[in-house]
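# Fold and contact review
So you can see what is in the structure, the chains are spelled out below.
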Amino acid sequence: MFKVEDKIYPCCTSLTMKYIGGKWKTVILIHLKNNTLRYNEIKKTIPTISERTLSLQLKQLEEDGLINRKVIATDKPPLKVEYSMTDFGKTLIPLLDMISSWGEEAIKWDDKIEVVK
């Protein structure tokens with residue numbers, strides 16, 4: 001068992017899901033894996049995520065130490081904010097690649113999946 005911030009995780013899988021669980025965290029991390037992106041750039045790459053959800057997920061990923069949030073001062077509002085993966089976050093890249101590859105394989109196996117553009 002493992003404990004993080006007073007919460008118990010019974011196995012390594014549940015511990016992993018603490019960091020990347022939910023619908024959007026892995027998707028956000030996939031887009032940051034090779035890039036530093038601004039908030040609006042992330043939003044454009046994931047058009048079906050709401051602004052509120054994106055903000056909350058970015059905050060959680062930052063609090064968990066998986067991404068960096070860099071605020072760049074500008075002459076006038078709004079501030080420029082960039083997001084990138086931390087070294088800790090980059091340890092997830094092999095897992096992220098495997099999850100993405102599995103999705104590509106699932107397209108071949110599951111007749112219910114329809115590719116739309």
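As the structure is a prediction and not an experimental result, all values here were calculated from the model.

### Re the overall build of the protein
- Along the protein, the regular secondary structure elements total six helices and five strands.
- The secondary structure elements of the protein, listed N-terminal to C-terminal, are β-β-α-α-β-α-α-β-β-α-α.
- The C-alpha extent of the protein, read off along each of the three principal axes, is 50 × 45 × 25 Å.
- Looking at the 117 residues of the protein, the share that counts as buried comes to 30%.
- A total of about 8,500 Å² of accessible surface is found on the protein, and carbon and sulfur atoms cover 55% of it.

### Digging into the pattern of salt bridges
- Applying the stated criterion across every chain, the model contains six salt bridges.
- The closest approach of N and O atoms between Glu 82 and Lys 80, which form a salt bridge, is 4.0 Å.
- The residue Lys 112 makes a salt bridge to Asp 110 at a minimum N-O spacing of 3.7 Å.
- On the accessibility criterion, Lys 112 (73% relative accessible area) is exposed.

### So, the sheet that holds strand β4 (residues 67–72)
- Across the sheet, three strands lie side by side as β3-β5-β4; this open sheet has antiparallel pairing. Either end of the sheet is taken by a strand with one partner, and the two such strands are β3 (37–38) and β4.
- Relative to strand β5 (residues 80–85), β3 runs antiparallel, the two being bridged by two bridges. Residue pairing in the sheet places Arg 38 in a bridge with Glu 82 of β5.

### Regarding helix α2 (residues 25–32)
- Among all positions in α2, only Lys 25, Thr 26, Ile 28, Leu 29 and Leu 32 are buried. Seen end-on, α2 carries its buried residues on one side only, within an arc spanning 160°.

### Quick notes on the UniProt feature "domain: HTH hxlR-type" (unreviewed entry) in the protein
- Per the UniProt record, the feature "domain: HTH hxlR-type" (unreviewed entry) sits at residues 11–111.
- Between the C-alpha atoms that bound residues 11–111 the distance is 33 Å, and the span itself is 57% helix and 14% strand.

### Some points on the packing of aromatic side chains
- Summed over the entire model, instances satisfying the criterion amount to one aromatic pair.
- Both rings, one in Tyr 19 and one in Phe 88, keep their centres 5.7 Å apart while their planes meet at 90°; by these two values the pair is edge-to-face. Note that Tyr 19 is positioned in helix α1 (residues 12–20) and Phe 88 in helix α5 (residues 87–90), a separation of 69 residues in sequence.
- Here Phe 88 falls in the partly exposed class, since its relative accessible area comes to 41%.
- The cationic tip of Lys 18 hangs over the ring face of Tyr 19; the distance from NZ or CZ to the ring centre is 4.7 Å.

About the thresholds
Residues numbered from 1 in each chain as written. Predicted model: local features only at pLDDT ≥ 70, side-chain atom pairs only at ≥ 80, totals over all residues. Heavy atoms only, no water. Helix = DSSP H or I, 4+ residues; strand = E, 2+ residues; numbered from the N terminus. Buried < 20%, exposed > 50% of the residue type's maximum accessible area, 1.4 Å probe, protein only. Areas by Shrake-Rupley, 256 points an atom, 1.4 Å probe, with all protein chains shown as cover. Salt bridge = Lys/Arg side-chain N within 4 Å of Asp/Glu carboxyl O. Pairing = 2+ DSSP bridges. Arc of directions from axis to C-beta. UniProt positions renumbered as here; feature names shortened; annotations may be inferred. Phe/Tyr/Trp six-rings, centres within 6.5 Å; stacked < 30°, edge-to-face > 60°. Lys NZ or Arg CZ within 6 Å of the ring centre and 35° of its normal.

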